[in-house]
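Structure assessment
Listed below, chain by chain, are the residues.
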Amino acid sequence: MEGELEAVIRALVAAHWPFRIHATYDETIERFLNVFERVNRDIPLAGLRWFFDHAETISERNLERTRALGGGIAIQHRMAYQGEYFIRRFGRRAAQAVLRSSRCSPPDCPSAPGTDGTRVASYHPWTCLYWLTTGRTVGGTQVTTPDNS
């Protein structure tokens, strides 16, 4: 995967084209960032708009690496629909970190909410806003608080 991705990212960065890449798990994000850092050594990503979609399990270390490369995070509201499953699979502590981890601190790391179109759920924005402001799933489970305290 890394070799093919590197060729694509090199072409995009050389042409100054923005890009986005879907990644949920920190393990995948780690692999992507390794490629981005290699490309950045030869063709700087500085000033280029790029971001990860989802990034629910991104570690603090990889969030910092994303910031350092000028990337951002686009969080979708899939947890509003799958929060209970996420808790069963990864635990409540990991679920509580989702909103905190997926919000970069402007201005050094752009972040944006979204619905991911109709891939996970309806494009209806109110469910996304409900999730982001309350930290509750549509099933009513309090996954996290908006300020993550």
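To be clear, the structure that these remarks concern was listed above.
This section reports on the structure supplied with the text. (Residues numbered from 1 in each chain as written. Predicted model: local features only at pLDDT ≥ 70, side-chain atom pairs only at ≥ 80, totals over all residues. Heavy atoms only, no water.)

Our next topic: helix α2 (residues 26-42). With 17 residues, α2 ought to run about 24 Å at 1.5 Å a step, and its terminal C-alpha atoms sit 25 Å apart, in line with that. Among all positions of α2, only Asp 26, Ile 29, Phe 32, Leu 33, Val 35, Phe 36 and Val 39 are buried. Packed against the buried residues of α2 are α1 (2-14), β1 (19-23), β2 (50-54) and α3 (60-68). (Helix = DSSP H or I, 4+ residues; strand = E, 2+ residues; numbered from the N terminus. Expected span 1.5 Å × (residues − 1). Buried < 20%, exposed > 50% of the residue type's maximum accessible area, 1.4 Å probe, protein only. Contact = heavy atoms within 4.5 Å.)

Here 4 strands make up an open sheet; going across it, the order is β1-β2-β3-β4 and the pairing parallel. Whereas interior strands pair on both sides, the edge strands pair on one side only; in this sheet they are β1 and β4 (111-114). Strand-to-strand, the axes of this sheet are offset by a mean angle of 25°, without reference to chain direction. (Pairing = 2+ DSSP bridges. Axes fitted to C-alpha atoms, helices over the stretch in contact; angles between N-to-C directions.)

Moving on, we get to the packing of aromatic side chains. Evaluated as defined, the whole model comprises 9 aromatic pairs. Ring geometry for Phe 19 versus Phe 36: centroids 5.4 Å apart, planes at 70°, classification edge-to-face. Placement of Phe 19 in strand β1 and of Phe 36 in helix α2 is noted, with a sequence separation of 17 residues between them. Each member of the pair Phe 19 and Phe 36 is classed as buried. Measuring from ring centre to ring centre gives 6.4 Å for Phe 32 and Phe 52, while their planes differ by 15°; the resulting arrangement is stacked. Taken together, the residues span a long stretch of sequence, with Phe 32 in helix α2 and Phe 52 in strand β2 at a distance of 20 residues. (Phe/Tyr/Trp six-rings, centres within 6.5 Å; stacked < 30°, edge-to-face > 60°.)

Quick look at unusual backbone geometry now. Even without glycine at this site, His 54 takes up a positive phi of about 85°. Take His 54: it is sitting in strand β2. Note on His 54: relative accessible area 4%, which makes it buried. Within the chain, Ala 55 stands out as a residue other than glycine whose phi angle is a positive 55°. Counting through the fold element by element, Ala 55 comes out in the loop between β2 and α3. Given a relative accessible area of 0%, Ala 55 falls into the buried group.

At their nearest, the axes of α2 and α3 sit 10 Å apart, and the two run at 30° to each other. Of the possible angle classes, the one that applies to α2 and α3 is roughly parallel. Read as a crossing pair, α2 and α3 show a hand that is left-handed. Here Asp 26, Ile 29, Glu 30, Leu 33, Asn 34 and Glu 37 of α2 lie close against α3, whose contacting residues are Arg 61, Asn 62, Arg 65 and Thr 66. Looking at side-chain class alone, the contact of α2 with α3 contains 2 nonpolar, 3 polar and 5 charged residues. (Parallel < 35°, antiparallel > 145°, perpendicular 65-115°, else oblique. Left-handed = near helix turned anticlockwise from the far one by under 90°. Nonpolar A, V, L, I, M, F, W, Y, C, P; charged D, E, K, R; others polar.)

Turning our attention to the pattern of salt bridges. In the structure shown here, the tally under the stated rule is 10 salt bridges. With its nearest N and O atoms 3.3 Å apart, the salt bridge here joins Glu 30 to Arg 65. Here the residue Glu 30 occupies a position in helix α2, and Arg 65 occupies one in helix α3, the gap between them amounting to 35 residues. For Glu 30, a relative accessible area of 25% gives the class partly exposed. Of the residues examined, Arg 65 reaches a relative accessible area of 9% and is grouped as buried. Overlapping salt bridges, with partners in common, bring together Glu 6, Arg 10, Arg 38 and Asp 42 in one network. (Salt bridge = Lys/Arg side-chain N within 4 Å of Asp/Glu carboxyl O.)

Fair warning: the whole summary comes from geometry, so function is off the table for now.
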